[in-house]
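# Structure assessment
Letter by letter, the chains look like this.
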Amino acid sequence: MELRQTLFGVDVPAPVLLAAGTCGFGEEVAGVTDLGRIGGLVTKSVTLEPREGNPAPRVAEFDAGMLNSIGLANPGAHRVRDEKLPWIRDHLSEIRVFVSVAGHRVEEYLEVVEILDGSEGFLGYELNLSCPNDTRLGGLPFALDPEALTEVVAGVRARTERPIVVKLAPNAPDLAPIVQAAEAAGADGLTLVNTLPGLAFDPVSRRPLLGAGAGGMSGPALRSVGVHAVWRASQSTSLPLIGVGGVVRGEDAVQYFLAGASLVQVGTASFWDPRSAPRVLTEIRGFARRNRVASITEWIGAGQFGGLRPETPEVEAVVDG
Ligand code: SIN
């Protein structure tokens, strides 16, 4: 099966990437999974200053997924440039690496990109505008506010020639204006979706399971939300889409392709089994063989909607009764 695609002006060897926050900067997982077999990875989000992150516990599992509130723990842009990117340059030249960038303020994103952009070894940026745990100061997360999102994306666009992928949130009331704002501001692709805000209590102690209180929900429970978001985005843009949320098996990835994604990311499943991403790729191949699909492009955007019109409004009128 042909899994290669040309996206963002380069050859992407396989349609499965590791999601931000699940593989550090690659080096942390290189001993337990074969990174050369997958299409690429997205680094942990990088902020201007180093961050210690939120109090433990930072993750809590439940039946259908996981909550996290890591608080964007990372070494900060200068150490990432000096210590992490050289390793990526020297070890991951066969796969495509996006550096995830996060911040509280617009200027923080721009400064991080200015610090990193002269380094070699990575393809582009994934702008994390949708972290539910440590978000924009004094406003909604950037991904829920088209004007604020535009400021970040346009500012980054003016500072780099590299591809920019914008990571969006699952809880936008209407994705269309957000998607259109990202494209108009210069995005080259979109990642859908980040985690969904969630909260779990210990019924005995009556305290939240996470040290920070609320967090972001991921895993199988997020899959249909992510697939829906990709499909909605595909109605508003022809930019390449990257689906993330609940990809555990090859067939989950195929759902994202049918909705319009060109690539998928594996996140939570990697915590359960660090070899999940290469296994998902093997399963995609097996599924394609059994179903006589010769190229991934046969799947992308090929979902059949039956009676559900693509233009169905996202926010339905409430019907009496
Ligand atoms: C975190 O570091 O708290 C999670 C990051 C994210 O969900 O974007």
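Residues numbered from 1 in each chain as written. Predicted model: local features only at pLDDT ≥ 70, side-chain atom pairs only at ≥ 80, totals over all residues. Heavy atoms only, no water.

This part takes up the site of the ligand. The local shell around the ligand consists of Lys 44, Asn 68, Ser 69, Ile 70, Gly 71, Leu 72, Asn 128, Cys 131, Pro 132, Asn 133, Asn 194 and Thr 195. Note that an oxygen atom of the ligand is positioned 3.0 Å from one of the backbone N or O atoms of Ile 70. Isolated, the ligand exposes 260 Å² of accessible area, and the fraction of that covered by the protein chains is 92%. A breakdown of the residues in the shell around the ligand according to their chemical character gives four nonpolar, seven polar and one charged. (Near = heavy atom within 4 Å. Polar contact = N/O pair within 3.5 Å; in protein donor to acceptor, adjacent residues only side chain to side chain. Areas by Shrake-Rupley, 256 points an atom, 1.4 Å probe, with all protein chains shown as cover. Nonpolar A, V, L, I, M, F, W, Y, C, P; charged D, E, K, R; others polar.)

Once that is clear, we can look at the sheet that holds strand β4 (residues 40-42). With parallel pairing, the eight strands of this closed barrel are ordered in space as β3-β4-β7-β8-β9-β10-β13-β14. Each neighbouring strand pair of the sheet contributes to a mean axis angle of 25°, computed without reference to strand direction. Note: strand β7 (residues 96-101) against strand β8 (residues 124-128), four bridges, orientation parallel. Bridge pairing in β8 links Val 101 to Leu 127. Each of β10 (189-192) and β13 (241-244) is contacted by helix α5 (residues 223-234), which is oriented at about 165° to β13, the strand it contacts most. (Pairing = 2+ DSSP bridges. Helix = DSSP H or I, 4+ residues; strand = E, 2+ residues; numbered from the N terminus. Axes fitted to C-alpha atoms, helices over the stretch in contact; angles between N-to-C directions. Contact = heavy atoms within 4.5 Å.)

This part is about helix α8 (residues 276-290). Taking 1.5 Å per residue as the helical rise, α8 with its 15 residues ought to reach 21 Å, and the 21 Å between its terminal C-alpha atoms agrees with that figure. Turning to α8, its buried residues are Ser 276, Ala 277, Pro 278, Val 280, Leu 281, Ile 284, Gly 286, Phe 287 and Ala 288. Arg 292 lies just past α8 and shows a positive phi near 55°. (Expected span 1.5 Å × (residues − 1). Buried < 20%, exposed > 50% of the residue type's maximum accessible area, 1.4 Å probe, protein only.)

Before going further, it helps to examine the packing of aromatic side chains. Within a pair of aromatic rings, the relevant descriptors are the distance that separates the centres and the angle that separates the planes. Tallying each qualifying case throughout the model produces five aromatic pairs. The interplanar angle of 15° and the centroid separation of 6.1 Å between the aromatic rings of Phe 257 and Trp 299 together place this pair among those described as stacked. One end of the pair, Phe 257, is in helix α6 (residues 250-259); the other, Trp 299, is in the segment after α8, with 42 residues separating them in the sequence. Connected via pairs of aromatic rings, a cluster forms that spans Phe 257, Phe 287 and Trp 299. (Phe/Tyr/Trp six-rings, centres within 6.5 Å; stacked < 30°, edge-to-face > 60°.)

Now for the packing of helix α2 (residues 106-116) against helix α3 (residues 146-157). Packing of α2 against α3 brings their axes to within 9 Å, and their N-to-C directions diverge by 20°. Taken together, the axes of α2 and α3 lie roughly parallel to each other. For the element pair α2 and α3, the recorded crossing hand is right-handed. Contacts between α2 and α3 involve Val 106, Tyr 109, Leu 110 and Val 113 from the former and Glu 151, Val 152, Gly 155 and Val 156 from the latter. (Parallel < 35°, antiparallel > 145°, perpendicular 65-115°, else oblique. Left-handed = near helix turned anticlockwise from the far one by under 90°.)

With that settled, the discussion passes to a positive patch on the surface. There is a patch of like positive charges on the surface, built from Arg 37, Arg 285, Arg 289 and Arg 290. Among the structural elements, Arg 289 can be located in helix α8. By relative accessible area, Arg 289 is classed as exposed at 64%. (Patch = residues over 30% accessible without salt bridge, like charges linked within 9 Å, V, L, I, M, F, W, Y side chains within 5 Å. Salt bridge = Lys/Arg side-chain N within 4 Å of Asp/Glu carboxyl O. Lys, Arg positive; Asp, Glu negative; His and termini not counted. Charge placed at Lys NZ, Arg CZ, Asp CG, Glu CD.)

Now for the pattern of salt bridges. Scanning the entire structure with this criterion turns up 15 salt bridges. Put simply, Asp 188 and Arg 157 hold a salt bridge, and the shortest N to O gap is 2.9 Å. Of this pair, Asp 188 sits in the loop between α4 (175-184) and β10 while Arg 157 sits in helix α3, placing them 31 residues apart in sequence. Given a relative accessible area of 27%, Asp 188 falls into the partly exposed group. The class for Arg 157 is partly exposed, based on a relative accessible area of 24%. Taken together, the shared-partner salt bridges in this structure form one network comprising Arg 223, Arg 249 and Asp 252.

What follows concerns the sheet that holds strand β6 (residues 65-68). Taken in spatial order, the four strands make up an open sheet running β5-β6-β12-β11, and their pairing is antiparallel. For this open sheet the edge positions go to β5 (59-62) and β11 (196-198), each flanked by a neighbour on one side alone. Taking each pair of neighbouring strands and ignoring which way they run, the sheet shows an average axis angle of 35°.

Formed by 88 residues in total, the largest nonpolar core has its most connected members in Leu 127, Leu 129, Val 166, Leu 168 and Leu 192. Among the elements that take part in this core, α2 stands out by supplying seven residues, more than any other. Filtering out sequence-adjacent residues up to four positions away, Val 166 remains in contact with Leu 127, Leu 129, Leu 149, Val 153, Ala 182, Ala 187, Gly 189, Leu 190 and Thr 191. Of all hydrophobic cores here, the second largest spans 11 residues; its members include Phe 98, Val 165, Ile 242 and Leu 263. (Core = buried A, V, L, I, M, F, W, Y, C linked by side-chain atoms within 4.5 Å.)

Before going further, it helps to spend a moment on the side chain of Asn 128. Looking at the element boundaries, Asn 128 is found in strand β8. The contact partners of Asn 128, leaving out residues within four places of it in the chain, are Ser 45, Leu 72, Ser 100, Val 101, Ala 102, Tyr 109, Lys 167 and Asn 194.

Before going further, it helps to spend a moment on the pairing of β5. Bridge count between β5 and β6: four bridges; the pairing is antiparallel. Considered in β6, the bridge of Ala 60 is made with Leu 67. Hairpin remark: β5 followed by β6, antiparallel, with two residues in the connecting loop.

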